[in-house]
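Below are the chains, spelled out letter by letter.
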Amino acid sequence: MSAQMQGQTHPPDVQNSAPASSPTPAGDLRRVLVVFNPKSGQGDSGLPAFVQGLRAAGLEVVERELEKDVPMESYVEDLESFHTLVGAGGDGTVSSLAYAARYRNVPLLAYPAGTANLIAQNLDLPKDPEGLVGVVLAGHALRLDMGEVEVRGEKKGFCMLAGAGADAAMIRDSEDLKERFGALAYAISAMRQLNPKKTTFNLKIDGQERSFEGIGVMVANLGMANYRLPITSDISPSDGRFTVILMQAGNILRLLPNLLDSVRAKLNLGDPLFSSNLETIEAREVQVDATEPFPLQYDGELHVETTPFTARILPGALRMLTPVKAGELET
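Assigned secondary structure in the protein chain consists of 8 helices and 16 strands. Residue burial in the protein chain is summarised as follows: out of 331 residues, 53% are buried. Sequence separation of at least 24 residues holds for 74% of the intrachain contacts in the protein chain that already meet a minimum separation of 6. When the accessible surface of the protein chain is split by element, carbon and sulfur atoms take 50% of a total near 14800 Å².

All of the buried residues along helix α4 (residues 129-138) are Pro 129, Leu 132, Val 133, Val 135 and Val 136. Along α4, the residues classed as buried sweep out an arc of 155 degrees about the axis, all on the same side. Pointing more than 90 degrees away from the buried face of α4 are the exposed residues Glu 130 and Ala 138. Structurally, α4 contributes buried residues whose contacts are with α1 (47-56), β3 (84-89), β4 (108-112) and β16 (309-321). Immediately beyond the C-terminal end of α4, within one or two residues, lies Gly 139, with a positive phi of roughly 70 degrees.

What follows concerns the packing of aromatic side chains. Aromatic ring pairs are described here by two measures, namely the spacing of the ring centres and the angle between the planes. Tallying each qualifying case throughout the model produces 3 aromatic pairs. An angle of 55 degrees between the planes, with centres 4.9 Å apart, marks the rings of Phe 50 and Tyr 111 as tilted. Of this pair, Phe 50 sits in helix α1 while Tyr 111 sits in strand β4, placing them 61 residues apart in sequence. Assessed through its relative accessible area of 0%, Phe 50 is described here as buried. Assessed through its relative accessible area of 0%, Tyr 111 is described here as buried. Between Phe 158 and Phe 242 the ring centres are 5.7 Å apart and the planes differ by 15 degrees, which places this aromatic pair in the stacked class. Of the two residues, Phe 158 sits in strand β6 (residues 154-158) while Phe 242 sits in strand β11 (residues 242-247), which places them 84 residues apart along the sequence.

This part takes up the environment of Gln 287. Positionally, Gln 287 belongs in strand β13 (residues 285-290). Between the C-alpha atoms of Gln 287 and Gln 208, which are 79 residues apart in sequence, the distance is 9.9 Å. When neighbours within four sequence positions are excluded, Gln 287 is seen to be in contact with Asn 202, Leu 203, Lys 204, Phe 309 and Thr 310.

With 5 of its 5 residues buried, strand β7 (residues 161-165) lies for the most part within the structure. Two elements, β7 and strand β14 (residues 295-298), share 3 bridges in a ladder whose sense is antiparallel. Looking at β14, one finds that Ala 164 is bridged to Leu 296.

Looking at the protein chain, pLDDT values average 81 and 71% of them are 70 or higher. Considering only residues more than four positions removed or in separate chains, one finds that residues 1-29, a stretch of pLDDT under 50, has 55 contacts. Across residues 253-264, confidence stays below pLDDT 50; counting only partners more than four residues off in sequence or on other chains, it has 29 contacts.

Looking now at α1. Taken together, the buried positions of α1 are Leu 47, Phe 50, Val 51 and Leu 54. Angularly, the buried residues of α1 cover 95 degrees about the axis, an arc narrow enough to put them on a single face. Facing away from the buried side of α1 by over 90 degrees, the exposed positions are Pro 48, Gln 52 and Ala 56. Tucked into the core, α1 has its buried residues touching β1 (31-36), β2 (60-65), β3, β4 and α4.

A few words now on the packing of α1 against α4. Following both chains from N to C, one finds α1 and α4 inclined at 40 degrees, their axes separated by 9 Å at the closest point. Judged by the inter-axis angle, α1 sits oblique to α4. For the element pair α1 and α4, the recorded crossing hand is right-handed. Facing Ala 49, Phe 50, Gly 53 and Leu 54 of α1, the residues of α4 in contact are Pro 129, Leu 132, Val 133 and Val 136. When grouped by side-chain class, the residues that make up the contact of α1 with α4 number 7 nonpolar, 1 polar and no charged.

Cut-off values and rules
Residues numbered from 1 in each chain as written. Predicted model: local features only at pLDDT ≥ 70, side-chain atom pairs only at ≥ 80, totals over all residues. Heavy atoms only, no water. Helix = DSSP H or I, 4+ residues; strand = E, 2+ residues; numbered from the N terminus. Buried < 20%, exposed > 50% of the residue type's maximum accessible area, 1.4 Å probe, protein only. Contact = heavy atoms within 4.5 Å. Areas by Shrake-Rupley, 256 points an atom, 1.4 Å probe, with all protein chains shown as cover. Arc of directions from axis to C-beta. Phe/Tyr/Trp six-rings, centres within 6.5 Å; stacked < 30°, edge-to-face > 60°. Pairing = 2+ DSSP bridges. pLDDT = per-residue confidence, 0-100. Axes fitted to C-alpha atoms, helices over the stretch in contact; angles between N-to-C directions. Parallel < 35°, antiparallel > 145°, perpendicular 65-115°, else oblique. Left-handed = near helix turned anticlockwise from the far one by under 90°. Nonpolar A, V, L, I, M, F, W, Y, C, P; charged D, E, K, R; others polar.

Okay, structure coming up:
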């Protein structure tokens, strides 16, 4: 890894970084780097048509296929010579590429080529290649935060959320179902979590210790699940803070009323009715440990690491291409 790639965990000066909404002039979009995961998702993602559309619009496109055991940083060592970066794959691919490109000020398109593509859904990106070409040509980018998770001294990035407990168990149990059921695998797996393991979680939230009994902890930067339904209210990807979600319910199904509360809040329909199942806390850094080790997931990828872990916010680390305004990304 080059010296330039090292030491990028924190911004040199967030106050001097680009504004929250920073449209890139279409005339400057001369070179596009497409990094793609050939193993992501199911069926045809439309990526060849997307690349063809970019070239037909007069852009130079360089494609790089991910290979096993090649560090993500190596694909973007020359990133400053490009005007746009495209990450084509699932949420894990996109977040890994985003982490490698953090604070380098090149707009990133989260091309939806995976199973769930929750990052692309949060950014309200179109699903068709032609629409995605239009997003690149428009060049409208928002400066957003991202998360960094540290386990046993190793650091990784995530755009949406990291979690330990029932949500990670759901991701684990969905792996064998993805090939047959696609995105529905997550719903089927959630239904299996009727009696998830419950334990005592010990947290340190911005230095303040806190313990609770529950089925999991989620640390959220982006706040929408499938169909852009809010996980909970008051999650913003551009406020320099996480929303830490304490899952106090006895099972996943008991969290459904909280989803209804989130929708009610987004539509300004009144105060929450089911607040006892979840508690939310805003934080810049959170350390999570549990009496019993729990599996860990970040951006939908299950990892062999378990609790304890530390998650910290990286303010304004990314410029993400999206057709919507900043307020439309908040829950």
